[in-house]
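Summary of structural features
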Amino acid sequence: SYRVRIAPARLKDSDGISRDYFPGKREELVEDALRKIATAGQGIFLDNEAGVTFTLYQLQQELKRTGHSYSITQIKEALMVCVGTNLQLTDTSGQAVLASSIFDTIGLQTREDWEGQGEKTKAFVKFNALVTRSIRNRSFRQFNYEISMGYSNVISRQLHKRMSHHFLQASLSNPFTIKLSTVIRDFGLTAYAKISHNLRDIEVALKEMVQKNVLLKYNLEKIHDTSRRNKIADVRLILYPHPHFVSAVIEANKKQQEIKFITNSLSDS
């Protein structure tokens, strides 16, 4: 178990006032789009850390292609939020494991580039050190980027990613189980006074995952308070993967094994 402390980025707005910003949906989409661009041939290593080169216009068009339209100004702001947000990771004993930003470094050619429209503005981003570590130890997994970017619901996207990374034995007869309280805690959701309100939001997300052929179906198993039987203490989400998702997991497992075989062969030689 680990604990993550997130300190917001402080940016000066157009009115000249500095305000704090936490990363949200926009920043997640920008990071995912940059990882996609990196895997498409523009990935680089900067000081032995994984990064990517791109133009702001290219990033804008990739986001637009997947259904997310942002202005160049909004994309610049998202990049600054990512590099300005401080993450502190500690273990159960409270000792620091990592202190860094979502993006360790970003760079553009000149100050004027920030003020331009971005069509030819060349930039680079160095990803968080954990991304490089995941690549080096070959735990970085393949998942369906197009489906993930196509979600309109943030919970759907986060749950899809969690299943893609942890549900390695996915099969039609083996459902993925997670508690509602875990989703609320790990996805940074607001815990409402009535758990039924959180459950309503979760059901919206699950229905979208069914529509995307990620889930075949789902069951919601209510867990009642032992002291008050009429009160719902938690809900167990039982998620049955769609055959398309099962195939994607099998392909990701195969790809991961191929990469390990190749790297082991190279190290032996």
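The structure we're discussing is the one just above.
In this report, the structure presented in the accompanying data block is examined. (Residues numbered from 1 in each chain as written. Predicted model: local features only at pLDDT ≥ 70, side-chain atom pairs only at ≥ 80, totals over all residues. Heavy atoms only, no water.)

1. Comments concerning the sheet that holds strand β1 (residues 3-7)
In plain terms, the rule: In short, DSSP must find at least two bridges between two strands for them to pair. Only DSSP runs of H or I covering at least 4 residues are called helices, and only runs of E covering at least 2 are called strands; the numbering of each starts at the N terminus. Here an angle of 0 to 180 degrees is reported between the N-to-C directions of two axes, which are lines fitted to C-alpha atoms, with helices fitted over the stretch in contact.
The 3 strands lie next to each other as β1-β6-β7, forming an open sheet whose pairing is antiparallel. Each edge of the open sheet is held by one strand with a lone partner, namely β1 and β7 (96-101). Averaged over all pairs of adjacent strands, the angle between their axes in this sheet comes to 15°, without regard to strand direction. Where β1 meets strand β6 (residues 86-90), 5 bridges bridge the pair, whose relative direction is antiparallel. Counterpart to R3 in the pairing with β6 is T90.

2. Focus: the packing of helix α1 (residues 25-42) against helix α7 (residues 154-166)
Axis angle and axis distance: for two packed helices, these are the angle between their axes and the distance between the axes, and together they describe the pair. For clarity, the threshold we go by: Angles below 35 degrees are treated as roughly parallel, those above 145 as roughly antiparallel, those between 65 and 115 as roughly perpendicular, and all remaining angles as oblique. Crossings are sorted by hand: turned counterclockwise from the far helix by less than a right angle, the near helix makes the crossing left-handed, and turned clockwise it makes it right-handed. Contacts between residues were defined by any pair of non-hydrogen atoms, one from each residue, lying within 4.5 Å. The residue classification treats Ala, Val, Leu, Ile, Met, Phe, Trp, Tyr, Cys and Pro as nonpolar and Asp, Glu, Lys and Arg as charged. All others, Gly included, are polar.
Running from N to C, α1 and α7 point in directions that differ by 45°, and their axes come no closer than 11 Å. Taken as axis vectors, α1 and α7 run oblique relative to one another. Considering only the axes of α1 and α7, their crossing is left-handed. Residue-level inspection shows K25, E28, L29 and D32 of α1 in contact with α7, the latter providing V154, R157, Q158 and K161. Residues of the contact of α1 with α7, tallied by class, amount to 2 nonpolar, 1 polar and 5 charged.

3. Overview of the pattern of salt bridges
What counts is decided by this rule: We define a salt bridge as a side-chain nitrogen of Lys or Arg found within 4 Å of a carboxyl oxygen belonging to Asp or Glu. In this scheme, a residue with accessible area under 20% of its type's maximum is buried, one over 50% is exposed, and one in between is partly exposed, where area comes from a 1.4 Å probe on protein chains only.
One pass over the full model with this rule turns up 16 salt bridges. The partner of D20 in a salt bridge is R10, and the shortest N-O contact between them spans 2.8 Å. Here the residue D20 occupies a position in strand β3 (residues 18-21), and R10 occupies one in strand β2 (residues 9-12), the gap between them amounting to 10 residues. Note that R162 and D186 form a salt bridge whose closest N and O atoms lie 3.0 Å from each other. In this pair, R162 is assigned in helix α7 and D186 in helix α8 (residues 180-186), connecting sequence segments 24 residues apart. Exposure remark for R162: the relative accessible area of 24% places this residue in the partly exposed category. Counted as one network, the salt bridges with shared partners bring together E28, D32, R157 and K161.

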